[in-house]
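Report on the structure
One letter stands for each residue in the lines below.
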Amino acid sequence: MKPVTSMTIVKSSLFRRPLRSIGLSAVVALLCAAIFGGLILSSSMNRGLDTLEKRLGADVMVVRYGYESKAQGAILRGEPTTFYLDPGALDAISQVEGVAAASPQIYVATLSAGCCSYPLQLIGIDPDTDFTVTPWITGQIKGALADGEIVVGSKISADVGSELQFFKRVYKVVGRLENTGMGFDTSIFMNITTAKQAAHDAARVSSQELQDNDDLISAVLVDVADGYDVKEVANNILRAHAAEYHLDTVVSDNMFNEVSSSIRNFTSYIRFFEIMIAVLTVLILLIVFSVTINSRRAEFSMYRVIGATKGRIFSLILLESFVISIIGAVIGIVVMSEIIFPFSNAISQSIGVPFLMPSVATILSAVAVSILAAVICGPGASALCAAKFTSKEVYSTMREVM
Amino acid sequence: MDLKKIIPAAVMMIFGILLIAAGLFILPPCDHLIETANGGGVPMKCHWSVVADAVLGGIILCGGIMSLFVKRDTASGIFMAMIPVCIAGILIPACIIGGCSMPTMKCRALTFPALYVLNTLCGMGAVICFVLTKKKEERR
């Protein structure tokens, strides 16, 4: 005969009332899933925000009037767009006080011809003056980007050395970028000469009229000199040249603050739901454990009569709730992982803010925090009921039961 | 009929129906056709991945129904056979047939993840059903 231990008693108790055990585990699983999911989502958005801060590079982006939101959409969400700016604006902007450096870029959207020719953003950079993209693509390629060469974002399926075709012209992939969680993941970078060629190809295919000169640009990225206020310089650019060149500006601080604020709002909703579910879980567990312990008074009293101490009864109740909590925590984390990780691309697209899955260490710490929350809530709720029960004398408990 | 035999069978049948419905009706991939040289159109490979998974869903559904009418030990064998079927259900969209290249495509962002999740859960369900029916057989 096997010796009777606390674990065997707990095991038989759990299997004797399977529906109650499953129900309690499900409540804890819900709590854990909410906490784990919330932590992963918020840390993914915060990581995306960090990348945005690192990758933005320029203080001000000058675009044609009316294209501010399209430029933001291209950077943040990779929404492909094509727009052009009067090329004379580049020199004019460079002359504005407080502008330390100004570099042109060209934005061209590829065609959407059904499902598998997904429109992509082609971004042309000027390797001689660029201070935004070049610093973080130089690690990915050897030397500067030559004509006809491209560097692709992490979500574009093309290996280094392979070729991609846009507007019937073939480009050679010479590098792949790391995952950024931003629109750059679905963008393709090329030098400005190649981008001008692509812009003309795009115009020809879509029957648009495009000025045939060498100074084609879409935006001017501005680095503000030290000691100058970024917003003041942006206003100076608009005051001096907005009317002449139809300019609008995207101030990176403003864009960063907008994204940061929407992430903060989203995170606060998540926290609110987590707290609500935690409170609800503790209340449900309190009620269920209270009812259960009440209905098992005779059983626990018998343990006392045959020699179990108050401490042993207390630890027995705690162990049972601990086992339920651990089972619930594992189920909750597994179920939420099954939702969050496979659907991360869909979540990232629907949220619309930079979204980058956290590192393994962060995921493991989220697992630890979720399990800890379950272990605190479950046994914590049962400890209150157990303490109330064990405070009574065995004689009075037996009399109540009889 | 034995309730303990109906529940595992029902679980498998539900997963079978979900696997058929998920790819074909609930979260279908885009219905774009690839134009052929003669001007006709053929569905893309993500479509065929979903069809293949739906067939596997049909096998799981049939397995669930069959487990109702056989002895417990035979039913446990049926549940065991479901495990490689679920693994195939994951491998078909992941690598055997595959889908569109871009992770942002509908098939890669929604349809395939749903099939991975369902096949994983179905596989876990099959393991539990197998263990339960096997255990009961040994007890008997």
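Residues numbered from 1 in each chain as written. Chains lettered and ligands numbered in written order. Predicted model: local features only at pLDDT ≥ 70, side-chain atom pairs only at ≥ 80, totals over all residues. Heavy atoms only, no water.

Residue and element names in this part refer to chain A. Residues Leu52, Met61, Ile75, Tyr107, Ile137, Val151 and Phe189 are the most contacted members of the largest nonpolar core, which totals 50 residues. Here this core gets eight residues from one element, more than from any other, and that element is helix H2 (residues 18-56). Of the domains in this structure, domain 1 (6-51 + 259-401) and domain 2 (66-245) are the two that each give at least three residues to this core. For isoleucine 137, the contacting residues outside a window of four places in its chain are Ile125, Leu145, Val151 and Leu177. (Core = buried A, V, L, I, M, F, W, Y, C linked by side-chain atoms within 4.5 Å. Buried < 20%, exposed > 50% of the residue type's maximum accessible area, 1.4 Å probe, protein only. Helix = DSSP H or I, 4+ residues; strand = E, 2+ residues; numbered from the N terminus. Domains from an automatic or database assignment. Contact = heavy atoms within 4.5 Å.)

This part takes up the packing of aromatic side chains. Applying the stated criterion to the full structure yields seven aromatic pairs over all chains. Through pairs of rings, three or more aromatic residues link up here, namely Tyr67(A), Phe83(A) and Tyr107(A). (Phe/Tyr/Trp six-rings, centres within 6.5 Å; stacked < 30°, edge-to-face > 60°.)

As a further point, take the interface of chain B and chain A. Size of an interface, as often reported, equals the accessible area lost when the parts are brought together. Between chain B and chain A, the contact holds 16 residues from the first and 17 residues from the second. When the two sides are added together, the surface that chain B and chain A hide from each other amounts to roughly 1500 Å², 75% of it contributed by carbon and sulfur. Sorting the residues of chain B by area buried against chain A places Met102(B), Thr104(B) and Met105(B) first, and these three jointly supply 35% of that buried surface. Linking chain B with chain A are zero salt bridges. Inspection of the region where chain B meets chain A yields two residue pairs in polar contact (both at pLDDT 80 or more). Taken together, the residues of the side of chain B that touches chain A sort by class into 12 nonpolar, four polar and no charged. (Buried area = accessible area lost by both parts, 1.4 Å probe. Salt bridge = Lys/Arg side-chain N within 4 Å of Asp/Glu carboxyl O. Polar contact = N/O pair within 3.5 Å; in protein donor to acceptor, adjacent residues only side chain to side chain. Nonpolar A, V, L, I, M, F, W, Y, C, P; charged D, E, K, R; others polar.)

Residues and elements named next belong to chain A. Positive phi, close to 50°, is recorded for phenylalanine 167, a residue that is not glycine. Inspection of the secondary structure puts phenylalanine 167 in the loop between strand S5 (163-166) and strand S6 (169-176). Residue phenylalanine 167 is classed as buried on the basis of its relative accessible area, which comes to 10%.

Attention now moves to the environment of Ser13(A). Locating Ser13(A) in the fold gives a position in helix H1 (residues 6-16). A C-alpha to C-alpha distance of 8.2 Å links Ser13(A) and Glu320(A), two positions 307 residues apart in sequence.

A cluster of nonpolar residues, Ile14(B), Leu18(B), Leu24(B), Phe25(B) and Ile26(B), forms a patch on the protein surface that exposes about 490 Å² of accessible area. Mapped onto the elements, Ile14(B) comes out in helix H1 (residues 3-26). (Patch = residues over 30% accessible without salt bridge, like charges linked within 9 Å, V, L, I, M, F, W, Y side chains within 5 Å. Areas by Shrake-Rupley, 256 points an atom, 1.4 Å probe, with all protein chains shown as cover.)

Right, let's get into the domain arrangement of chain A. Residue and element names in this part refer to chain A. By the assigned domains, chain A splits into domain 1 (6-51 + 259-401) and domain 2 (66-245). On a C-alpha basis, the centroid separation for the pair domain 1 and domain 2 is 50 Å. Of the residues lining the interface, nine residues belong to domain 1; the matching set on domain 2 comes to seven residues. Taken together, the two surfaces of domain 1 and domain 2 that pack against each other cover about 630 Å², and 61% of this comes from carbon and sulfur.

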